[in-house]
Structure formats: structure tokens, C-alpha cells
Amino acid sequence: MVDTTSPVRDVHTVAYTVSELNRLVSREIAGRYRELASTLCDNAAFLLANDDVPARVKQQRSRAYLDIAMQLHQLADGEIRGAELGQVTR
């Protein structure tokens, strides 16, 4: 149980420079782009393995999933490069 009558204890705070904070945020954004790309690749693989979906549909959709996944990887790489150079990529 939490004692609500005791004084709040001091919390150790960390101060980041602007460039450090930008790198942290960019790393998180790049990681999310890569997670989305991985999900799309998994979806494409699942779709291609599904025999109930017509071949024409499988090819078009899986190609689109993989194309978007490639673009997300490029965005992630650009986000990291921009953070390393101290630039905002958006």
C-alpha cells in the first residue's frame, strides 16, 4: 500500500542535449518503421502460403506489401542518418 502522507522523495532527473534527444527519438521512430516493415513481410509470406487466395491476388498484394516494407526500411535508414548528422528528416 502506498503511504500518501509521506513527502514525495526526490527523483533523479536526466537532462539531454537537443541532439541526444533527437537521436533517441529518431532511434525509436526508425525502430517502429522496421517493426511495421517486418509485419508487412510476414503478411506477404502468409498470403503467398495461402492456397485459398487466387494467384493473381496473391502476387499483387504481396508485391505491394514488400514494396511498402522496402520503403519503410529506407525511411528508417534515413531517420538514423539524419539523427547522426544532426538534421531533422521530416
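The structure under discussion appears in the preceding block.
These notes cover the structure that comes with them. Along each chain, residue indices are assigned from 1 in the same order as the chain's sequence is written. Selection of residues for local features in this predicted model requires a pLDDT of at least 70, selection of side-chain atom pairs for listing and counting requires 80 or more, and totals for whole chains, interfaces and linings are taken over all residues. The basis for every side-chain value is the complete set of non-hydrogen atoms in the structure, without hydrogens or water.

### Some thoughts on helix 2 (residues 55-85)
Okay, so step 1: A rise of 1.5 Å per residue sets the reference length of helix 2, with its 31 residues, at 45 Å; its end C-alpha atoms lie 45 Å apart and thus fit the reference within 8%.
Okay, so step 2: Here's how the labels work: a residue is buried when its accessible area is under 20% of the maximum for its type, exposed when over 50%, partly exposed in between, all with a 1.4 Å probe on protein chains only. Secondary structure follows DSSP: runs of H or I at least 4 residues long count as helices, runs of E at least 2 residues long count as strands, and numbering of each begins at the N terminus. For helix 2, every residue scored as buried is listed here: Lys58, Ser62, Ala69, Leu72, Ala76, Gly78, Glu79, Gly82 and Ala83.
Okay, so step 3: The positive-phi residue at the C-terminal boundary of helix 2 is Gly86, with phi of around 80°. For a helix, the expected span equals 1.5 Å multiplied by the number of residues minus one.

### Details of the pattern of salt bridges
Okay, so step 1: Counted as salt bridges are all cases of a side-chain nitrogen of Lys or Arg within 4 Å of a carboxyl oxygen of Asp or Glu. Within the structure shown, the criterion is met by two salt bridges.
Okay, so step 2: Its salt-bridge partner being Arg32, residue Glu35 comes within 3.0 Å of it at the nearest N-O pair. You can see Glu35 and its partner Arg32 sitting in helix 1 (residues 18-49), three residues apart, about one turn around the helix.
Okay, so step 3: Accessibility expressed as a relative area gives 46% for Glu35, which makes it partly exposed.
Okay, so step 4: Among the ionic pairs, Asp77 bridges to Arg34, the shortest N-O distance being 2.9 Å. Remark: Arg34 occurs in helix 1 and Asp77 occurs in helix 2; sequence separation between them is 43 residues.
Okay, so step 5: Judged by its relative accessible area of 33%, Arg34 falls in the partly exposed class.

### A short note on the environment of Gly31
Okay, so step 1: Looking at the secondary structure, you find Gly31 in helix 1.
Okay, so step 2: In the structure, Gly31 is positioned 49 residues away from Ile80 in sequence and 9.7 Å away in space, judged by C-alpha atoms.

### Some remarks on the side chain of Lys58
Okay, so step 1: Positionally, Lys58 belongs in helix 2.
Okay, so step 2: We score Asp and Glu as negative and Lys and Arg as positive, and we do not count His or the chain ends. Although Lys58 is buried, it forms no salt bridge, and the closest oppositely charged side chain is Asp51 at an N-O distance of 4.3 Å.
Okay, so step 3: As used in this structure description, the phrase polar contact means that two N or O atoms lie within 3.5 Å; if the pair is within protein, one of them must be able to donate a hydrogen and the other to accept it, and residues adjacent in sequence are counted only when both atoms belong to side chains. Within polar-contact distance, the side chain of Lys58 engages the backbone oxygen of Leu48 at 3.4 Å.
Okay, so step 4: The contact criterion used is simple: two residues touch if any of their non-hydrogen atoms lie within 4.5 Å. The contacts of Lys58, once residues within four sequence positions are left out, are Leu47, Leu48, Asn50, Asp51 and Val53.

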